[in-house]
Amino acid sequence: MIYLDNAATTMAMPEVLEAMAPYFTQAYANPSSVYSFAADNKKAIDDARHIIAESLNAADNEIFFTAGGTESDNWALIGAFEANSQKGSHIITTRIEHHAVLHTCEYLESRGAEITYLDVDEFGIIDINQLEAAIRPDTILVTVMYANNEIGTLQPIKEIGQITKKHGVIFHTDAVQAYAHLPIDVDDLNIDLLSASAHKLYGPKGIGFLYVRKRTKIANFVHGGAQEKGKRAGTENVPGIVGFGEAVRLAIPTREERAAKEVELRDYLIDSVLSRIEYSRLNGHKSQRLPNNANFSFQFIEGESMLLMLDIAGVCASSGSACTSGSLDPSHVLLAIGLAHETAHGSLRLTLNHTTTKEELDYVVGKLEEIIIKLRAMSPLYEDHLKRQKN
Ligand SMILES: *Cc1c(COP(=O)(O)O)cnc(C)c1O
């Protein structure tokens, strides 16, 4: 099997699993208990929090553990909306956010929020002037993702942070795809709220965090005990937190080397596909993109068939359709960058990891070439196209 769907999730590192294991069977106490048996767990949580805080140039008490990226996004948006109602209820976001942000925006609209959805250009990048022009006296939050999960596009986060700071508006970024893959300094970038998730960086699923800059007005999210300073109650996921900390500890020193290797392979993959397969295009920006992301559209192709045939060839990949299986709507991201519905349907996302090899990519491109020839041979649209060309 060749796994090229690392934007969906990654395999946990063996070291991560090893670090987690004792917290199921040995140090299993509830960290809130007073006996000394619980002390080790409390320390393990503190240690993980410290590793993560350091990785962002944040303070330990600005990191709050959650059940993943989706929960962090929900908390950032709903929490900012609830805590800032005196100032207003206007939120600015983009058309290409993850559904964890977009569907939360829709929910907040039903609760009286007014949302401005910024357009993006053909590469998926927002217009910084349009963002600044959209800020009003009642704007409480700007939420713009760091890196897009489908097309890999990176946003001008530093410029956004400068603008939100100047206007006194809270800045949230969904950094689930970027965290531990790209350098992030929350002070340098003026980020107030940041979402991340362990399973996108070789950690376990079901654990994430929200970074909350000191003095940022945000409502508590899960009500119950005193865990996470009462902001996000519930007995801590100790093994998950430990695994997250270990994944970050391993990822930060290797980040640059991993990224450089991925960029080289990514560009090799992009060049191979575009040169070998007719009527193909790259979605997203050539260089302003995640090191491990390649996203293509192939004309006269139906993405789901392509995925099934790749699966038979042992390749795990993802298409441009909505991730909710069963939905035939083309991706909102691909539509936002201006693709026609048919082109968006024929899209393929390949996301690499630190173990991906050139040989694997050669195999995948070879299979892809065969699959596309087969599918086009069955496509009435392609047939029409060939006829038109002859005339
Ligand atoms: C995966 C992902 C999420 C959701 O994170 P979970 O931990 O799976 O809930 C949110 N935003 C982006 C950009 C993602 O890639």
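One can find the structure itself at the top, above this paragraph.
Structure report, in brief. Everything quoted here is computed from the prediction, not taken from an experiment.

### Quick word on the overall build of the chain
If you tally the helices and strands in the chain, you get 13 helices and 13 strands. Taking 2.2 N^0.38 as the reference for a compact globule, 391 residues should give roughly 21 Å; the C-alpha atoms of the chain span a radius of gyration of 22 Å, in line with that estimate. Its C-alpha atoms give the chain principal-axis dimensions of about 80 × 50 × 35 Å. Residues counted as buried form 57% of the 391 residues belonging to the chain.

### Quick notes on the pairing of strand β2 (residues 63-66)
In regular strands, side chains alternate between the two faces of the sheet. The alternating pattern of β2 places Ile63 and Phe65 and Phe64 and Thr66 on opposite faces, both of which are buried. Note: β2 against strand β8 (residues 208-212), four bridges, orientation antiparallel. What sits directly across from phenylalanine 64, in β8, is leucine 210.

### Here's the deal with the side chain of aspartate 192
Looking at the secondary structure, you find aspartate 192 in the loop between β6 (170-174) and β7 (193-197). Separated by 2.8 Å, the side chain of aspartate 192 and the backbone nitrogen of phenylalanine 171 make a polar contact. Aside from chain neighbours lying at most four places away, what touches aspartate 192 is Val169, Ile170, Phe171, Tyr211, Val212, Arg213 and Thr216.

### A word on the site of the ligand
Neighbouring residues of the ligand: 13 residues in total, closest Thr70, Asp174, Gln177, Ser197 and Lys200. Between threonine 70 and the ligand, the recorded distance is 2.6 Å, taken from a side-chain N or O atom to an oxygen atom. Contact with the protein chains removes 87% of the 380 Å² of surface that the ligand exposes when unbound. No other element matches helix α4 (residues 69-83), which puts three residues into the shell around the ligand.

### Observations regarding the sheet that holds β6
With respect to topology, seven strands assemble into an open sheet ordered β2-β8-β7-β6-β5-β3-β4, the strand pairing being mixed. Strands at the two margins of the open sheet, each flanked by one partner only, are β2 and β4 (114-118). The average angle at which neighbouring strand axes cross in this sheet is 20°, direction not considered. The strands touched by helix α3 (residues 39-56) within the sheet are β2, β7 and β8, with β2 carrying the most contacts at an inclination of about 115°. Set on the sheet, helix α5 (residues 99-110) makes contact with β3 (90-94), β4, β5 (139-143) and β6; between it and β4 the angle comes to about 150°.

### Quick look at the nonpolar core
In terms of nonpolar packing, the biggest core is built from 66 residues, with Leu56, Phe65, Tyr179, Ile184, Leu194, Phe209 and Phe244 touching the most fellow members. For this core, the element with the highest residue contribution is helix α8 (residues 238-276), accounting for eight residues. Beyond its immediate chain neighbours, meaning those up to four positions away, leucine 56 contacts Ile63, Tyr179, Ile184, Asp185, Val186, Leu194, Phe209 and Tyr211. Residues Leu265, Leu282, Phe296 and Ile301 belong to the second largest nonpolar core, which totals 27 residues.

### Concerning the environment of asparagine 190
Among the structural elements, asparagine 190 can be located in the loop between β6 and β7. For asparagine 190, a relative accessible area of 17% translates into the label buried. For the pair asparagine 190 and lysine 158, spaced 32 residues apart in the sequence, the C-alpha separation amounts to 7.2 Å. Not counting residues up to four positions away in its chain, the partners in contact with asparagine 190 are Gly161, Gln162, Thr164, Lys165, Phe171 and Arg213.

### Section: empty space enclosed by the protein
This model, assessed by the stated rule, comprises one cavity of 30 Å³ or more. Taken as a whole, the largest cavity spans an internal volume of roughly 70 Å³. Lining the largest cavity are Asn6, Ala7, Thr10, Gln177, His181, Lys200, Tyr202, Leu290, Asn292 and Leu352. Grouping the constituent residues of the lining of the largest cavity by class yields four nonpolar, five polar and one charged.

### Observations concerning the sheet that holds strand β9 (residues 280-282)
Strand order in the open sheet formed by four strands is β9-β10-β13-β12, with antiparallel pairing between adjacent strands. Of all strands in the sheet, those with a lone pairing partner are β9 and β12 (318-319), marking the two edges. With three bridges connecting them, β9 and strand β10 (residues 293-298) associate as antiparallel partners. Its bridge partner lying in β10, serine 280 is registered against phenylalanine 298. Against the sheet, helix α9 (residues 303-312) contacts β10, β12 and β13 (347-351), and its axis sits at roughly 40° relative to β13.

### Overview of the side chain of asparagine 283
Considering the arrangement of structural elements, one finds asparagine 283 in the loop between β9 and β10. One polar contact links asparagine 283 to arginine 281, side chain to side chain, over a distance of 2.8 Å.

### A word on the packing of aromatic side chains
Tallied over the full model, the rule gives nine aromatic pairs. Between tyrosine 179 and phenylalanine 244 the ring centres are 6.5 Å apart and the planes differ by 80°, which places this aromatic pair in the edge-to-face class. Remark: phenylalanine 244 occurs in helix α8 and tyrosine 179 occurs in the loop between β6 and β7; sequence separation between them is 65 residues. Residue tyrosine 179 is classed as buried on the basis of its relative accessible area of 1%. Among the aromatic residues, those joined into a ring-pair cluster are Phe64, Trp75 and Phe221. Arginine 376 extends its terminal NZ or CZ atom over the ring of tyrosine 382, reaching a point 5.7 Å from the ring centre.

Conventions used here
- Residues numbered from 1 in each chain as written.
- Predicted model: local features only at pLDDT ≥ 70, side-chain atom pairs only at ≥ 80, totals over all residues.
- Heavy atoms only, no water.
- Helix = DSSP H or I, 4+ residues; strand = E, 2+ residues; numbered from the N terminus.
- Rg over C-alpha atoms; globule rule 2.2 N^0.38 Å.
- Buried < 20%, exposed > 50% of the residue type's maximum accessible area, 1.4 Å probe, protein only.
- Pairing = 2+ DSSP bridges.
- Polar contact = N/O pair within 3.5 Å; in protein donor to acceptor, adjacent residues only side chain to side chain.
- Contact = heavy atoms within 4.5 Å.
- Near = heavy atom within 4 Å.
- Areas by Shrake-Rupley, 256 points an atom, 1.4 Å probe, with all protein chains shown as cover.
- Axes fitted to C-alpha atoms, helices over the stretch in contact; angles between N-to-C directions.
- Core = buried A, V, L, I, M, F, W, Y, C linked by side-chain atoms within 4.5 Å.
- 1 Å grid on protein atoms, 1.4 Å probe; cavity = no way out; pocket = protein on both sides within 12 Å on 5 of 7 lines; lining within 4 Å.
- Points joined across faces, edges and corners; volume = space filled by probe spheres on them.
- Nonpolar A, V, L, I, M, F, W, Y, C, P; charged D, E, K, R; others polar.
- Phe/Tyr/Trp six-rings, centres within 6.5 Å; stacked < 30°, edge-to-face > 60°.
- Lys NZ or Arg CZ within 6 Å of the ring centre and 35° of its normal.

Coordinates in, geometry out; function isn't part of it.
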